[in-house]
Amino acid sequence: MQYLDNYLQSKGGYDYKNVKRNELMKAQGFKEMPFTKTGTTIVGVLFDGGVVMAADTRATAGSIVADKNCEKLHVLAPNVWAAGAGTAADLHHQCAHFNAKLKLQRLNLNRQSRVNEVITKLTSKLFPYRGNIGVALIIGGIDCNGPQLASVSPHGNYVYHPFQSMGSGSLAALGILEAKFQDGLTKQQAIDLAIEAIEAGIFHDMGSGSNVDVVAITKDGADYKRNVRQYNAKSYQRQIPYDFPINNTPALRKYQFDIEKQELTEVGQEMEIIE
Amino acid sequence: MSGIFEYNGGSIVGMKGKNCIAMACDRRFGQQMSTITTNYQKVFKIQDNILLALSGLNTDIHTFYALMEKEINLYNLKENRKMKPTTFANLVASALYERRFGPFFVTPIVAGLENGKPILATYDSIGCKSDLDDFQVGGTGGNYIYGACEAFFKPDMSPEELEEVIGQSLVSGCDRDALSGWGGVVYVLTEQKLTVKILKTKQT
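The rules behind the values
- Residues numbered from 1 in each chain as written.
- Chains lettered and ligands numbered in written order.
- Predicted model: local features only at pLDDT ≥ 70, side-chain atom pairs only at ≥ 80, totals over all residues.
- Heavy atoms only, no water.
- Phe/Tyr/Trp six-rings, centres within 6.5 Å; stacked < 30°, edge-to-face > 60°.
- Helix = DSSP H or I, 4+ residues; strand = E, 2+ residues; numbered from the N terminus.
- Buried < 20%, exposed > 50% of the residue type's maximum accessible area, 1.4 Å probe, protein only.
- Lys NZ or Arg CZ within 6 Å of the ring centre and 35° of its normal.
- Contact = heavy atoms within 4.5 Å.
- Buried area = accessible area lost by both parts, 1.4 Å probe.
- Salt bridge = Lys/Arg side-chain N within 4 Å of Asp/Glu carboxyl O.
- Polar contact = N/O pair within 3.5 Å; in protein donor to acceptor, adjacent residues only side chain to side chain.
- Pairing = 2+ DSSP bridges.

Asks: Before we go on, may I ask you to explain the packing of aromatic side chains in this structure?
Replies: Evaluated as defined, the whole model comprises 16 aromatic pairs over all chains. For the pair W81 of chain A and Y224 of chain A, a centre-to-centre distance of 5.2 Å together with 45 degrees between the ring planes defines the contact as tilted. Of this pair, W81 of chain A sits in strand β7 (residues 80-87) while Y224 of chain A sits in strand β13 (residues 221-230), placing them 143 residues apart in sequence. Owing to a relative accessible area of 28%, Y224 of chain A belongs among the partly exposed residues under this scheme. Aromatic pair F244 of chain A and F152 of chain B: ring centres 5.1 Å apart, planes at 85 degrees, arrangement edge-to-face. Here the residue F244 of chain A occupies a position in the loop between β13 and β14 (251-258), and F152 of chain B occupies one in helix α3 (residues 142-152), the pair thus bridging two chains. Above the face of the F127 of chain A ring, R130 of chain A is positioned so that its terminal group lies 5.8 Å from the ring centre.

Below you can see the structure in the form of structure tokens.
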């Protein structure tokens, strides 16, 4: 049924071929591999004339830090950004997918993307998957209706609120936001508040850490500052660096493949060419 | 029963150097605590300037490699040109994410040279690409190799030095992991050549 394979491939979407096999393995008692999750603290703050979003930069796989400096602020449209918590692969691929979808729509309609349109599209996609697509997003942007900020949960629920926080560090960040948020903040005040909220998440939550990324979206565009604060820089230099002598590691055999000549030779053997 | 990931064992590591990249893997293929062979290939040459290392469940290593080989061959035939390493890195991420709800139990590392610039990317089993670090690890011994890499790694090493460092990191890491070891292979790729070195290690 080769035509089916080709049809499915060009149609795109998810491939469920391995599901039955994996279920059988789980039934036999195997534990699954941990996905990379973004333990995360992400916040969004509305201010007079725009919205500020900030995120930490740690990605975890179980209890290991998989990525010390990952990017959690994704562009969905030039005027709409998303900060993501949850399963890292889902976040990355869903945001890339929506970025492309919105771009196509902008080209077709010749109109700016709107925040509520992004929310609707997202929730319409997430709800049918019953929360199995693990993305918890804060969507912030500015459009013809002014600056807007909303959070979307993996099951497809959305909430509009002037300040949001999500992720494992959300409670720590929420403490800062609830205490210090006011209506009518200036851009710099909102940025400082967002950074402070992320700091609380970084220091109090084990799933968040490393650096802070910030983006401020206004009518004039999005001002993205990567690693605006760094808490995890190596504070020492090894005095005597490890310097391995060349050709020190004992080898059984050594081959060399010359790319230009497309020739494979064994090093150490006199002129012996192996096909 | 332990995890699916620990069934066969194995470790891989990739590093960036100055205009070169290196990959290393162990050679063990086991079934839980037994060892079946000690010459299982885990690093594959996809193209003259792209290497793909795979760790995890060995059957999925084999299947995923065959899938990637098919993709790149089709690409070469359709587009009549070589695939860029960054393109291949994205292809691996998409191929993994396509099976989001029934994943391949592999953690790949892709390494390549694009116009002389080293590219290195690692993924979890469902396609979360992580390409910002200078070294990446995978497999059951990955966490131990992390420690060795953090200690030995220096940025912008020459190909010869990189070969030493990656070899030592792999061997040190695999010594602490019961499910990896039984030899090591180091691949160093530069613009001019690919060097393959089979390491002499403790036979355990």
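Asks: Looking at this structure, I do not really get the interface of chain A and chain B. What am I missing?
Replies: Interfaces are often described in size by the accessible area the parts lose on coming together. Facing 58 residues of chain A, the contacting portion of chain B comprises 57 residues. Overall, the association of chain A and chain B removes approximately 5300 Å² of surface from exposure, summing both partners, and the carbon and sulfur fraction of that is 57%. Linking chain A to chain B there are 6 salt bridges. The partner of D60 of chain B in a salt bridge is R21 of chain A, with the nearest N and O atoms 2.6 Å apart. Scanning the region where chain A abuts chain B turns up 25 residue pairs in polar contact (both at pLDDT 80 or more). Of all the secondary-structure elements, those providing two or more residues to the side of chain A that touches chain B are α2 (19-27), β5 (64-67), α3 (88-109) and β14 of chain A.

Asks: What am I meant to see in the pattern of salt bridges here?
Replies: Between side chains of opposite charge, pairing is possible as soon as their charged atoms come close. Tallying each qualifying case throughout the model produces 24 salt bridges over all chains. Here K68 of chain A ties to E150 of chain B by a salt bridge, and the two come within 2.7 Å at their closest N and O atoms. Of this pair, K68 of chain A sits in the loop between β5 and β6 (73-77) while E150 of chain B sits in helix α3, which puts the two residues in different chains. You can call K68 of chain A partly exposed: its relative accessible area is 36%. Relative accessible area serves as the criterion here: at 29%, E150 of chain B is assigned to the partly exposed category. Across the pair K197 of chain B and E163 of chain B runs a salt bridge, and its minimum N-O distance is 4.0 Å.

Asks: What's the story with the side chain of S208 of chain A in this structure? I'm lost.
Replies: Residues and elements named next belong to chain A. By secondary structure assignment, the location of S208 is in the loop between α6 (187-204) and β12 (211-218). A residue is classified by how much of its surface remains accessible, and S208, at 1% relative accessible area, is buried. For S208, the side chain forms a polar contact with the side chain of T41, separated by 2.7 Å. The residues touching S208, leaving out its near neighbours within four places in the chain, are G39, T40, T41, D56, R58, S168, G169, G201 and I202.

Asks: Is there a simple way to think about the pairing of β5 of chain A in this case?
Replies: Successive side chains on a regular strand alternate, one facing one side of the sheet and the next facing the other. Residues and elements named next belong to chain A. Taken together, the 3 bridges between strand β4 (residues 59-61) and β5 define a ladder with antiparallel strand orientation. Paired with A61 across the two strands is I64, which belongs to β5. Hairpin remark: β4 followed by β5, antiparallel, with 2 residues in the connecting loop; positive phi at G62, about 70 degrees.

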